[in-house]
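The lines below spell out each chain.
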Amino acid sequence: MIDLNDELLGAYLDDELGEETRAQVESELAGNAGARVRLDRLRAVDAAVRSAFPLQPVGEVRALAAQDPKVVQFPKRGSYGRGALLMTAMAAGVAGLAFGPVLPKVWQGSVPTVTSVAVDGQLAAVLDREPSGTVIRQDGREFRVLLSFDAADGRACRQYSVQAETRGGEGLACREAGAWTVVAWDGTGSTSGSGYHTAGASDAIDAAVTRLGGGDALDEATEKDRIRKTWAR
Amino acid sequence: MTDLRREIVPLLPRLQRFARSLARVPADAEDLFQAAVEKALRHEDQWQPGTKLESWLFRITQNLWFDELRAHRRRSVPLESVPEPMADEGRDTASEGVDVDRIQAAFHALPDTYRTVFSLVVIDGQSYKEAAATLGVPVGTIMSRLARARAQLAALVTEAPALRKAGNND
């Protein structure tokens, strides 16, 4: 018989038990209603606290901005709340740095001002040449273009995902003056293993697509034509 | 951009959340987060590539917070200040009706050492071994602090809707 105290129940919840001990705990739990109630209560506490501390987009990081002129200058503290797209774009600036050199650029559109970043060479090549659904593995990163569409202002945009060993996420890039610019990025989703975002899995990206007035996704033939005649030229 | 600066960027949301879990007041949490990044960059030479960067960053953050506690004699929120569950109307809720204010208040009522361990393991998802390495304590200490933290939280927030629902499932 095993003593199902809080330490052991906690280790069970945290998946920190060896196979044998785990089996013993489960066997004991099967015949111990009180312990099951306690386990559920502890599990509920964990879930409640986790939900009270979600990951949030990060605004300006003064130390990074001060020491590297290439870092996108984010709005000062207190400027949160100017819309989902702006917050998404701030996240894009931060997370985008992990995927290659970026060039700060401010785009003024009909939607609130957003800070956008140029894509790095590898991502640009993928966006220029690869049809939706293709997976490209290069230098420890996996790129996947999810879909293409035309924004209301006429720019072509492509939704994509990038997965590196320990990080990844889903982005939205639009083509302007012959170059792709990341206009939204959500790096808060699953980044483990094969944890790709599926298209539409990110509320932040969905909000950005909506603000851009995105129409239907381009069909396969139209997309192929764009790649051949415009993007890859 | 150096390797360290590049590696820090994707960890920032987790580091900021850790700061929020340590400091109850949002402005204090933001200051703590900014100070931790600044210190990490200032002491860049102390981080060895190949070692776990997040452990180093979380340790810096925790040490800064404990320094702050010592300097200003701040303490956890008193237990009696944890608000009672709000009436259904107007409750500040997250998913599934969890009363976020009450949960956060209960969490900040934990002793700082319990809160730190809970944050690393339960909120950030670190293993006991990783949390032990970050905090420089044995794994057994992680287990005992976690158990006490969970027991205290369960007692404080049992009346929250989501927990009440969970308890009624049996």
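About the criteria used
- Residues numbered from 1 in each chain as written.
- Chains lettered and ligands numbered in written order.
- Predicted model: local features only at pLDDT ≥ 70, side-chain atom pairs only at ≥ 80, totals over all residues.
- Heavy atoms only, no water.
- Helix = DSSP H or I, 4+ residues; strand = E, 2+ residues; numbered from the N terminus.
- Buried < 20%, exposed > 50% of the residue type's maximum accessible area, 1.4 Å probe, protein only.
- Contact = heavy atoms within 4.5 Å.
- Areas by Shrake-Rupley, 256 points an atom, 1.4 Å probe, with all protein chains shown as cover.
- pLDDT = per-residue confidence, 0-100.
- Disulfide = S-S within 2.5 Å.

**Q** For the overall build of chain B, give the residues involved together with the corresponding values.
**A** Along the backbone of chain B there are nine helices and zero strands. In chain B, buried positions account for 52% of the 170 residues. Taking the contacts inside chain B whose residues are at least 6 apart along the sequence as the reference set, 64% of them involve residues at least 24 apart. Total accessible area on chain B stands at roughly 7,800 Å², and carbon and sulfur atoms take up 49% of it.

**Q** Outline the confidence of the model for chain B, listing residues and values.
**A** Residues and elements named next belong to chain B. Of all residues in chain B, 75% have pLDDT values of 70 or greater, and the mean over the chain is 79. Under a pLDDT of 50 for its full length, residues 85–98 has, in the predicted model, 23 contacts with residues more than four places off or in other chains. Quick note on the complex model: pTM equals 0.55, ipTM equals 0.82.

**Q** Now, about the state of the cysteines: what can you tell me, with residues and values included?
**A** Simply put, the disulfide is a covalent bond whose two ends are the sulfur atoms of two cysteines. Residue and element names in this part refer to chain A. Per the counting criterion, the structure on display carries one disulfide over all chains. Each sulfur in the disulfide pair C157 and C174 lies 2.1 Å from the other. Across the S-S bond of C157 and C174 the torsion is about 100 degrees, and the bridge reads as right-handed. Remark: C174 occurs in strand 6 (residues 168–176) and C157 occurs in strand 5 (residues 156–163); sequence separation between them is 17 residues. Judged by relative accessible area, which is 0%, C157 ranks as buried. Look at C174 and you get buried, because its relative accessible area is 0%.

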